[in-house]
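Inside the fold
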Amino acid sequence: MRVLPWPIINTLNPEGSNVANIAFLGAGMMGSAMIKNFLKGGHKVTVYNRSQEKARPLQAFGASLAATPMEAASGADIIMSSLTNDEASRECWNGRAGVLQGDLKHGAYAVEASTVSIDWVKSLAKLASAKGLRFLDCPVAGRPDVAEAGKLKVFAGGTREDVDTLRPALGAISAGVTHMGGVGSGIAFKLIYNVMGAIQVAATAEGMFACEAAGIDVKVAAEAFSTGATGSPHVVRHSRYMAENKHEDPIQFSGRMRIKDVDYGIRLIEERGAQSVLGHATKQVFGQMVELGVGDRNDSELIDALRMAAKQRVVGKP
Ligand SMILES: NC(=O)c1ccc[n+]([C@@H]2O[C@H](COP(=O)([O-])OP(=O)(O)OC[C@H]3O[C@@H](n4cnc5c(N)ncnc54)[C@H](OP(=O)(O)O)[C@@H]3O)[C@@H](O)[C@H]2O)c1
């Protein structure tokens, strides 16, 4: 019999199902959905969010709120975060009232689910293990609606034993946990995956706008792209938004977030001696959203930035 190496053994109920005390940092779109699903799965969740009012609705689902990450993490079996970027993650884990400044349960799990840089993940793993925590990087794939449905894909980096121990708890938020390798492998894969995804979204915007410029009905073009060899899930979803000129409301993933992921991704790829020519081009394409003041709009609204840029080119011609 495999001996569970973690303190959740104390919270195993008599039927043997895992009920964990979870500290969750970040009640944004992804975090809130994951928190609700952990609660539905019977876990106890204490939430920290920088803007406290955004976390309050989670109390109705059974969550407790904490004023600081350190307070949330005290006594937790699993400390998990879903935050915007490296700065946010650094602040919540290692800031003045961060998780790592507190008294933590020895052997508890530190799980970074945000899409952050591999350099930060590796530093965080070292800091966490110095505090007696077991670290896993578990970034997720799937938009907020997928997160609400508890069907995220989790790409896990850590020891096989740690990943297998957390698998039942992560089952509450996901349709599958793939063990990608040791610590850092989960985020490495996720960044490469997101660079590929961003390339597809940028290609969809350029292709759709090129069709429009060539006088082709964009609804017909979207249907043909979606049912042809080009029809990846990204192309299917984004070409429809672009054709109907109807984008997600509220915004699910912005142009600026695409740039963040591609930036982290390019750095990872190039530092390992591989190339990301398409990553650089994609960053440049999404960069037009920021330059034209629509960087915080949905990534599918990239097509509007391309329209604006084309108009500027025409106007600029002598
Ligand atoms: N949206 C998607 O489709 C999707 C899919 C897969 C993965 N992801 C990844 O999941 C993570 C969360 O994304 P999201 O869509 O949930 O974003 P979101 O709704 O904007 O939430 C971001 C969270 O980070 C917090 N935050 C930002 N800056 C902070 C700081 N300096 N200090 C402390 N907290 C800070 C926010 O707190 P406030 O509420 O106070 O602003 C909020 O809790 C990101 O890493 C993203 O790349 C997103």
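Remember, it's a predicted structure, so these values are computed and weren't measured experimentally. (Residues numbered from 1 in each chain as written. Predicted model: local features only at pLDDT ≥ 70, side-chain atom pairs only at ≥ 80, totals over all residues. Heavy atoms only, no water.)

Considering the overall build of the chain
When its secondary structure is counted, the chain shows 13 helices and nine strands. Compactness check: the chain gives a C-alpha radius of gyration of 21 Å against a globular reference of 20 Å for 318 residues, within 12% of the reference. A burial count over the chain gives 53% of its 318 residues as buried. When contacts within the chain are restricted to residue pairs at least 6 apart in sequence, long-range pairs at least 24 apart make up 65% of them. With the model as given, the accessible surface of the chain reaches about 14700 Å², and the carbon-plus-sulfur share is 55%. If the 35 positive side-chain charges of the chain are averaged to one point and the 32 negative ones to another, these points end up 1 Å apart. (Helix = DSSP H or I, 4+ residues; strand = E, 2+ residues; numbered from the N terminus. Rg over C-alpha atoms; globule rule 2.2 N^0.38 Å. Buried < 20%, exposed > 50% of the residue type's maximum accessible area, 1.4 Å probe, protein only. Contact = heavy atoms within 4.5 Å. Areas by Shrake-Rupley, 256 points an atom, 1.4 Å probe, with all protein chains shown as cover. Lys, Arg positive; Asp, Glu negative; His and termini not counted. Charge placed at Lys NZ, Arg CZ, Asp CG, Glu CD.)

Some points on helix α11 (residues 255-271)
Side chains that are three or four residues apart share a direction in an α-helix, a result of its 3.6 residues per turn. An ideal rise of 1.5 Å per residue puts 24 Å on 17 residues; α11 measures up with 24 Å between its terminal C-alpha atoms. The complete set of buried residues in α11 reads G255, R258, I259, K260, D261, V262, Y264, G265, I266, L268 and I269. Each element contacted by the buried residues of α11 is listed here: α4 (86-94), α5 (118-130), α8 (185-213), α10 (233-244) and α12 (277-291). Residue G273 follows α11 closely and has a positive phi angle near 85°. (Expected span 1.5 Å × (residues − 1).)

A word on the nonpolar core
Membership of the largest hydrophobic core comes to 34 residues, with the highest contact counts inside it found for I35, I78 and M80. Elements with a contribution of two residues or more to this core: β1 (21-25), α1 (29-40), β2 (44-48), β4 (78-81), β5 (109-112), β8 (152-157) and α7 (160-170). (Core = buried A, V, L, I, M, F, W, Y, C linked by side-chain atoms within 4.5 Å.)

Considering the site of the ligand
The environment of the ligand is made up of 25 residues, and the closest members are N49, S51, L83, Q252 and K260. At a separation of 2.8 Å, an oxygen atom of the ligand approaches a polar backbone atom of M29. Here L83 contributes a backbone N or O atom positioned 2.7 Å from an oxygen atom of the ligand. Shared between two domains, the shell around the ligand holds at least three residues of each, these being domain 1 (7-183) and domain 2 (189-316). (Near = heavy atom within 4 Å. Polar contact = N/O pair within 3.5 Å; in protein donor to acceptor, adjacent residues only side chain to side chain. Domains from an automatic or database assignment.)

Focus: the side chain of S300
You can see S300 is positioned in the loop between α12 and α13 (302-316). What makes S300 buried here is its relative accessible area of 0%. A polar contact is formed between the side chain of S300 and the side chain of H247, at a distance of 2.7 Å. When neighbours within four sequence positions are excluded, S300 is seen to be in contact with H238, Y241, M242 and H247.

Topic: the packing of α4 against α5
Their axes nearest at 11 Å, the elements α4 and α5 cross at an angle of 5°. Between α4 and α5, the interaxial angle falls into the category roughly parallel. Counting all contacts with α4, which are made through D86, S89, R90, W93 and N94, the residues of α5 involved are W120, L124 and L127. By residue class, the composition of the contact of α4 with α5 is four nonpolar, two polar and two charged. (Axes fitted to C-alpha atoms, helices over the stretch in contact; angles between N-to-C directions. Parallel < 35°, antiparallel > 145°, perpendicular 65-115°, else oblique. Nonpolar A, V, L, I, M, F, W, Y, C, P; charged D, E, K, R; others polar.)

Some remarks on the domain arrangement of the chain
Along its sequence, the chain is carved into domain 1 (7-183) and domain 2 (189-316). One C-alpha centre belongs to domain 1, the other to domain 2, and the line joining them spans 30 Å. Contact with domain 1, which involves 18 residues of that partner, is made by 21 residues of domain 2. For R143, the salt bridge is made with E248, and the minimal N-O distance between the two is 2.9 Å. Listed by contribution, the elements that provide at least two residues to the side of domain 1 that touches domain 2 are α4, α5, β7 (140-141) and α6 (144-148). Its residues assigned to classes, the side of domain 1 that touches domain 2 comprises nine nonpolar, four polar and five charged. (Salt bridge = Lys/Arg side-chain N within 4 Å of Asp/Glu carboxyl O.)

Considerations on the pairing of strand β6 (residues 134-137)
Here four bridges tie β5 to β6, and the two strands are oriented parallel to one another. Looking at β6, one finds that Y109 is bridged to R134. At this point the chain moves from β5, through α5, to the parallel β6, and the crossover so formed is right-handed. (Pairing = 2+ DSSP bridges. Right-handed = clockwise from strand over helix to strand, strands pointing away.)

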